[in-house]
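# Observations on the model geometry
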Amino acid sequence: MQATRDFSHYVRHLGSGLSHIDLAVEGVNCAGCMSKIERGLSALPDVTLARVNLTDRRVALEWKEGTLDPARFIDRLAELGYKAYPFEPVHAEAVETEQASFLLRCLGVAAFAAMNIMMLSIPVWSGNVSDMIPEQRDFFHWLSALIALPAAAYSGQPFFRSAWAALRARRTNMDVPISIGIVLALAMSVMETIHHAEHAYFDAALMLLAFLLAGRYLDQSMRRKTRAVAGNLAALKAETATKFVGADEISVVPIAAVRAGDVVLLRPGERSAVDGSVIEGRSKIDQSLITGETLPVKAEPGTAVYAGTLNLSSALRVQVSAASEGTLLAEISRLLDNAVQARSRYVQLADRASRLYAPVVHTAALLTMLGWVAFGSTWHDAIVTAISVLIITCPCALGLAIPAVQTVVSGAMFRTGVLLNSGDAIERLAEVERVVFDKTGTLTLPELDVTNAADIPQAVFELAGRLALASHHPVAAAVARAAGARTPLPGIEELTGQGVRGFINGQEVRLGRPSFCGADELANEILCRDPEASVVAFRHGETRHVFAVRQRLRPDAAGAIATLLKAGIHVEIVSGDREPAVRHAAQSLGVHQWRAGVTPADKIARIDELKRQGVKVLMVGDGMNDAPALAAAHVSMSPVSATHLSQATADLVFLGDRLAPVVAAIGFSRKALRLMRENLWLAVVYNLIAVPLAIAGLATPLVAAAAMSGSSVLVILNSLRAHRGAREFG
Amino acid sequence: MEVLVFLVPLALTLGLMGLIGFLWSLKNGQYNDLDGAGWRAIADDEPTSGSASLGVRLEGHL
């Protein structure tokens, strides 16, 4: 049975006889790649568009409908040396792209208005001390109003909307004082212009908008960039299923195209991508990803199979069930929903600051007004002074204090291999006091590895690796991977449940169970030393060798945990795996607190217990069984190899084989939180200097403009220091 | 000072043209791929024999 690949799920029909598909491509990083790919794909007949996006590492393709199979593009890219896979834009990314371009439009309008108003303001400021006649000044003020009012109405939308939403929910956020300041500044300036007054604050209001929008746009675009990378990684994982499209006809389809009731083929060595039950075939399956039980279970017609289950020995036909049929996945989704709902809404630092800030500033403005009236000033002058207090305190530096740091630090994290899923994760991560690790796939590498490679002669290892390529068994696959084998041996036959065998120069070679190769003694010797290992034997003529295969700890796991402990962070292992395996890992890593054989519900219970004690927990896990605990923890992290569900739940995702990014991320976020606080203090100091000036009635538009831009630049410069993490996390 | 009547609208029109240009480029998707755009400027459009060899030389350097 040869499977055809069916990518029609990803193809969009544009009308006018054209089809469109987006591919995520791995390894595009230079101009050479770009032109190579574009030329290579354009050379295919009937392709009307092939355009690489180097920032997002994607290719957009259009072709005449019905003439080409999308699989052809992927093959063509493979010939050119690039791994590619169709990319399905997730809703969140589309929303973020839309928001980013809206913010950029607002920024463009605000910057245009601020510059042109400034061009009109400077003559007024210099004219006030020289020889400008009042009619000219009024003319310039009216022109400023003409530009400022529509521009502020358009580019202030992000702030006005957010402030309105907060007020309607009877909350307040940073956008409330910003909006009040801008609206009052503009209203007062219009009134002053009508009354032929000397000062108008159109320039200050628009400059404030431009600065704040720049900060927000940068923050947003950094987040969009990380999301694009995460989206590509998800696409390149190519989660597919082999679906029966006829009685004996199969087709490889993306998981999103599999529906309940479909029948899929699960070959030996494959992980199931769906929930369902076996309808044909007998095999052994490994449910460790779901239940944590590492011993294989028998599967026969009627046995339930969950997404993540590894099929070990022979092919199965599985009928897909809906997730709501009381399966384990349904149970996990239920736990996950509960945990997400119970997660208390974290109040971001910016909002906490604005809760303190807004009442203080608004009271100060009110007192200023009353004070001036009490000292015999007119109401008009008193109100103008009070509003100038609001304008000068309008949180320009305050509004930039946090987005500026976030932009710099998420960029730095991105470079060390950590992707941010949620915006406020940095602040939560900085507060972490205890890290709870899952073992399998988190502390250990996701793939099995040969542990006794050093004891086996190089030539034997290579031959065994090539032979192992013929087998679908995961343990054999580990041998092939460890040997770096690429060329399979010809004429190999597979004996189900035993192993593979063939001939080389007339001598028989076998790879499989120890009994199949007559190497029981050797195997027992290894199993006595390491009862957790799986063994696979190799025989070539009369030479026999046994490979010990097991999960290996991530190369820097011990070092990473030592760094965490040294920094005063507690470490704990909570695993669904069996006790000996967890104890062994805990001992070799120097972790004293560990729990084994824990179910998903118990994992949440443990997190909740820690929460009740007031401990801020970082949960690091990858399995489906970790997803609810990830959602329950104060902040959570997943390796990029994690199941889809866990990755979508986690606040941060780290790339690569090493644990160092986890430690570095904590270091970066601590430094970031420190800088955010520093920035807030800078803003307070700025206000302490500027507010007395404003209360004294000395805050002319020139002073306001200078003070605002000065404090913003100071805050931005301070934020740039976030690109290096805290020292103790090296 | 009558020159203001002429100069100020001129200045604002120029500014407005800049803004319209920016919004147009944004709508056209010119900011979607900032990394790629830089390289496209020095790449060749048509794969003729002469430019193909330049493309190969470029790749060699990158």
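What this report covers is the structure whose coordinates are included nearby. (Residues numbered from 1 in each chain as written. Chains lettered and ligands numbered in written order. Predicted model: local features only at pLDDT ≥ 70, side-chain atom pairs only at ≥ 80, totals over all residues. Heavy atoms only, no water.)

## Overview of the sheet that holds strand β9 (residues 263–266) of chain A
Residues and elements named next belong to chain A. Cut-off, in case you're wondering: A pair of strands is considered paired only if DSSP assigns at least 2 bridges between the two. Helix and strand assignments follow DSSP, with helices taken as H or I runs no shorter than four residues and strands as E runs no shorter than two, numbered in order from the N terminus.
An order of β1-β8-β7-β9-β15-β10-β13 is seen for the seven strands of this open sheet, with the pairing classed as mixed. Looking along the sheet, the strands with just one partner apiece sit at the ends: β1 (4–5) and β13 (304–305). Two strands pair when backbone bridges link them, and strand β7 (residues 240–244) and β9 are joined in this way by two bridges, in the antiparallel orientation. Its bridge partner being in β9, threonine 242 is matched across the sheet by leucine 265.

## Thoughts on the side chain of asparagine 311 of chain A
Residues and elements named next belong to chain A. Here is the rule: Only protein chains enter the calculation, and the probe is 1.4 Å; a residue is then buried if its accessible area is under 20% of its type maximum, exposed if over 50%, and partly exposed in between. Pairs of N or O atoms are called polar contacts if they sit within 3.5 Å, as long as, within protein, a hydrogen donor faces a hydrogen acceptor (for residues adjacent in sequence, only side-chain-to-side-chain pairs). Whether two residues touch is decided by their heavy atoms; if any such pair falls within 4.5 Å, the residues are in contact.
Among the secondary structure elements, asparagine 311 is positioned in strand β14 (residues 310–311). Taking relative accessible area as the criterion, asparagine 311 reaches 0% and is therefore assigned buried. Side-chain polar atoms of asparagine 311 contact the backbone oxygen of leucine 266, separated by 2.9 Å. For asparagine 311, the side chain forms a polar contact with the main-chain oxygen of arginine 267, separated by 3.4 Å. Setting aside anything within four residues of it in sequence, one finds asparagine 311 in contact with Leu266, Arg267, Pro268, Gly269, Glu270, Ser283, Lys284, Ile285 and Leu316.

## Points about the pairing of strand β11 (residues 283–286) of chain A
Residue and element names in this part refer to chain A. As paired strands, β11 and strand β12 (residues 297–299) are joined by three bridges and run antiparallel to one another. What sits directly across from lysine 284, in β12, is lysine 298. Across two bridges, β11 lies against β14 in antiparallel orientation. Looking at β14, one finds that aspartate 286 is bridged to leucine 310.

## Some points on the packing of aromatic side chains
Given two aromatic rings, one states the distance between the centres and the angle between the planes to describe the pair. Filter applied, for reference: Classification of ring pairs uses Phe, Tyr and Trp, with its six-membered ring standing for Trp, and accepts pairs whose centres are within 6.5 Å; under 30 degrees between planes counts as stacked, over 60 as edge-to-face, and the remaining range as tilted.
Overall, the coordinates contain seven aromatic pairs over all chains when judged by the stated rule. Judged by centre distance (5.7 Å) and plane angle (55°), the ring pair of phenylalanine 22 of chain B and tyrosine 31 of chain B falls under tilted. Residue class for tyrosine 31 of chain B comes out partly exposed when judged on its relative accessible area of 33%. In textbook terms, an aromatic cluster arises when at least three aromatic residues are bridged by ring pairs, as seen for Phe7, Tyr10 and Tyr85 of chain A.

## So, the interface of chain A and chain B
Keep this limit in mind: By convention, the term buried area covers the 1.4 Å-probe accessible surface removed from two parts as they join, with the contributions of both added. Whenever Lys or Arg places a side-chain nitrogen within 4 Å of a carboxyl oxygen from Asp or Glu, that contact is recorded as a salt bridge.
On the chain B side, the residues contacting the 27 residues of chain A number 24 residues. Summed over both sides, the interface between chain A and chain B buries roughly 2,200 Å², with carbon and sulfur atoms accounting for 70% of that surface. Between the two partners, chain A and chain B, sit one salt bridge. In this structure, the connection of chain A to chain B is made through five residue pairs in polar contact (both at pLDDT 80 or more). Of all the elements in the fold, those that place two or more residues in the side of chain A that touches chain B are α1 (31–42), β4 (47–53), α3 (91–129) and α4 (134–155) of chain A. With nine residues, α3 of chain A is the largest single contributor of residues to the side of chain A that touches chain B.

## What to know about the state of the cysteines
Residues and elements named next belong to chain A. Put simply, the rule reads: Pairs of cysteine sulfur atoms within 2.5 Å are identified as disulfides in what follows.
If you walk through the whole model with that rule in mind, you get zero disulfides over all chains. Free of any disulfide, cysteine 528 has its nearest neighbouring cysteine sulfur in cysteine 517, separated by 19 Å. For cysteine 528, a relative accessible area of 67% translates into the label exposed.

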